[in-house]
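Okay, here's what each chain looks like letter by letter:
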Amino acid sequence: MPTVDPQPDRFRELMLDDEPGFEDVLTCVFDVQRHEARTYLELAERPESTVAELSDVLDRDRSNVNRSLSTLREKGLASRNRRLLDDGGHVYQYTATPVPEARELMHETLDEWAAYVHERIDEFGEDGA
C-alpha cells in the first residue's frame, strides 16, 4: 500500500466545508492537486487511456498529464500497462484504481490519520505542558 501523508491544513479545510465532494476528499486525503484529481476522475471514465488521449480530454499539455499520472501511480490511484503497437514500438495505457478500491484507500488513510491524532491527544499534558 502506498504511503500517504495527509496534511492537517487540508483536513481542516475539508472539515470546514459543509458538503465536500468526492474530488475535495480525494485531493485532501491523498495530498494531490485538483488537476490530478480531475485526471483520476477522467481516467476512471476512460480505462486504458494513453497520455495523448487524456491530454486531449483534459485540454492540458502532455507533459503535465504525464506528471499527474506519475503522482496518481505513486499514490496507488492508477496503474500503467505497456501495449505493443502493430507497426512496432509501444504505448503506455493507464487505468484508474477502481473507485471502490480508492474509497477503501481513503478510509484506511483517514483511519491512520485519526489514530495518529488520537495518540497526540493522549500524549497532551504528559510532559507537564
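Okay, so let's go over this structure. It should be emphasised that the depicted structure is a prediction, and the values quoted were computed from it without experimental measurement. (Residues numbered from 1 in each chain as written. Predicted model: local features only at pLDDT ≥ 70, side-chain atom pairs only at ≥ 80, totals over all residues. Heavy atoms only, no water.)

Looking only at helices and strands, one finds 6 helices and 2 strands in the chain. Among the 129 residues that make up the chain, the fraction classed as buried is 33%. Looking at the chain alone, contacts between residues at least 24 apart form 49% of all its contacts between residues at least 6 apart. For the chain, the accessible area works out to roughly 8400 Å², and carbon and sulfur atoms hold 46% of it. (Helix = DSSP H or I, 4+ residues; strand = E, 2+ residues; numbered from the N terminus. Buried < 20%, exposed > 50% of the residue type's maximum accessible area, 1.4 Å probe, protein only. Contact = heavy atoms within 4.5 Å. Areas by Shrake-Rupley, 256 points an atom, 1.4 Å probe, with all protein chains shown as cover.)

What follows concerns helix α2 (residues 22-30). In terms of burial, α2 is a largely internal element, 7 of the 9 residues being buried. Among all positions of α2, only D24, V25, L26, T27, C28, V29 and F30 are buried. Just past α2, the residue D31 takes up positive phi, approximately 50°.

Here the focus is unusual backbone geometry. Here the phi dihedral of E48 falls at roughly 65°; this positive angle occurs in a residue that is not glycine. Here E48 lies in the loop between α3 (34-45) and α4 (51-58). If you check the backbone angles, D59 has positive phi at about 55° while not being a glycine. With respect to the element layout, D59 can be found in the loop between α4 and α5 (62-74).

Turning next to the environment of L105. Looking at where L105 falls in the secondary structure, it is placed in helix α6 (residues 99-123). For L105, a relative accessible area of 14% corresponds to the buried category.

In terms of nonpolar packing, the biggest core is built from 21 residues, with L26, F30, Y40, L43, L69 and L77 touching the most fellow members. Sorting the residues of this core by element identifies α2, α3, α4, α5, β2 (90-96) and α6 as the ones contributing at least two each. Broken down by element, the residue count for this core peaks at 4 residues, all from α2. (Core = buried A, V, L, I, M, F, W, Y, C linked by side-chain atoms within 4.5 Å.)

This brings us to the pattern of salt bridges. Any two side chains of opposite charge can pair if their charged atoms end up close together. What the rule picks out here adds up to 5 salt bridges. With its nearest N and O atoms 2.3 Å apart, the salt bridge here joins D24 to R34. Separated by 10 residues along the polypeptide, D24 in helix α2 and R34 in helix α3 bring together distant segments of the chain. In this structure, the salt-bridge partner of R120 is E119, at a minimum N-O distance of 3.6 Å. On the basis of relative accessible area, E119 is assigned to the partly exposed category, the value being 42%. One network of salt bridges, in which partners are shared, links E23, D24 and R34. (Salt bridge = Lys/Arg side-chain N within 4 Å of Asp/Glu carboxyl O.)

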